[in-house]
Amino acid sequence: MYVNPDGHEWMRAKWSAPVRRYWKLSEQMMVKHADLLICDSKNIEKYIQNNYKQYHPKTRFIAYGADRKKSELSDHDSKLIDLYTEKKMTPLMYYLVVGRLVPENNFEAMIREFMSSKSKKDFAIITTTNDKFLEELEQRLHFRSDPRIKFVGAVYDQELLKKIRENAYGYFHGHEVGGTNPSLLEALGSTDINLLLNVGFNKEVAEDGAIYWSKDSGNLAKLIEKTDAMSKEEIAAFGLKAKKRISDAYSWEHIVYLYENLFLRGAK
């Protein structure tokens, strides 16, 4: 039995305490009984080896993959133009984030810091519906008073989503729980400037192809202003590093080869 543990489900704040205890117990049983744990993150692999030594777990690192193809949509596609018109957005004049609207993705920190920055760009947020959490954010941040904050909603058209990423000036990533995050891989493959929360999961993926921020007050706001002032050459250099990182370590061809090799060798 091969198991991919994915991420730290028991650490997610969206779950109640009893559910989190269940996730932690299920993780323990998974480690105890699996023949091999295939970890898509080196930090998850390290966590399992350090926390479950009593089971002598067998682990292997095989990352998650990313689609490297550019969007098939043109800059003049009606779906793209309609969205930009409705949300009053302009290509290369917005920062972007894509992810579920849950506490551990640090939307509150990103919105607060962006609001305190002097950026002339917008902050576009593509996320699932969570009215309760959204209202809590409004009560704490009053983000609706800042016209730069644009809640786009969910975008399920993958070609449209790719195009929105490609046209973003920069990408924010605030995920701090879990292994290798698919939205981060997609951003690195599409957007030149990526500003990531400084945690091990994100640093092992992007390495020197991104800029890192902390949750200290003012840290991200200063980085946003610094990023706004970057030259085209500096931006392009980050973009090349990010795309090379995806091509070298996170292409689906590479990931599939590793899984096929494991399954075929295991079958023998």
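Use the structure listed above.
Residues numbered from 1 in each chain as written. Predicted model: local features only at pLDDT ≥ 70, side-chain atom pairs only at ≥ 80, totals over all residues. Heavy atoms only, no water.

Tell me about the environment of I193, residues and numbers included.
With respect to the helices, strands and loops of the structure, I193 is situated in strand 8 (residues 193-197). Judged by relative accessible area, which is 0%, I193 ranks as buried. For the pair I193 and T85, spaced 108 residues apart in sequence, the C-alpha separation works out to 24 Å. Residues contacting I193, with those up to four places away along its chain left out, are Y169, G170, Y171, I211, T227, M230, I235 and F238. (Helix = DSSP H or I, 4+ residues; strand = E, 2+ residues; numbered from the N terminus. Buried < 20%, exposed > 50% of the residue type's maximum accessible area, 1.4 Å probe, protein only. Contact = heavy atoms within 4.5 Å.)

Before we move on, could you go through the sheet that holds strand 1 (residues 2-3) and cite the residues and values that matter?
Strand order in the open sheet made by the three strands is 1-2-3, with parallel pairing throughout. Each edge of the sheet is formed by a strand with only one pairing partner; in this case those strands are strand 1 and strand 3 (59-61). Sheet analysis places strand 1 next to strand 2 (residues 36-39), joined by two bridges and oriented parallel. Counterpart to Y2 in the pairing with strand 2 is L36. Strands strand 2 and strand 3 of the sheet are contacted by helix 2 (residues 42-51), whose axis makes an angle of about 165° with strand 3. (Pairing = 2+ DSSP bridges. Axes fitted to C-alpha atoms, helices over the stretch in contact; angles between N-to-C directions.)

Talk me through the pattern of salt bridges; I want residue IDs and the actual numbers.
Per the counting criterion, the structure on display carries 20 salt bridges. Across the pair K243 and D192 runs a salt bridge, and its minimum N-O distance is 3.0 Å. Of this pair, K243 sits in helix 10 (residues 232-249) while D192 sits in the loop between helix 7 (182-190) and strand 8, and the two are 51 residues apart along the sequence. With relative accessibility at 29%, the residue D192 sits in the partly exposed group. (Salt bridge = Lys/Arg side-chain N within 4 Å of Asp/Glu carboxyl O.)

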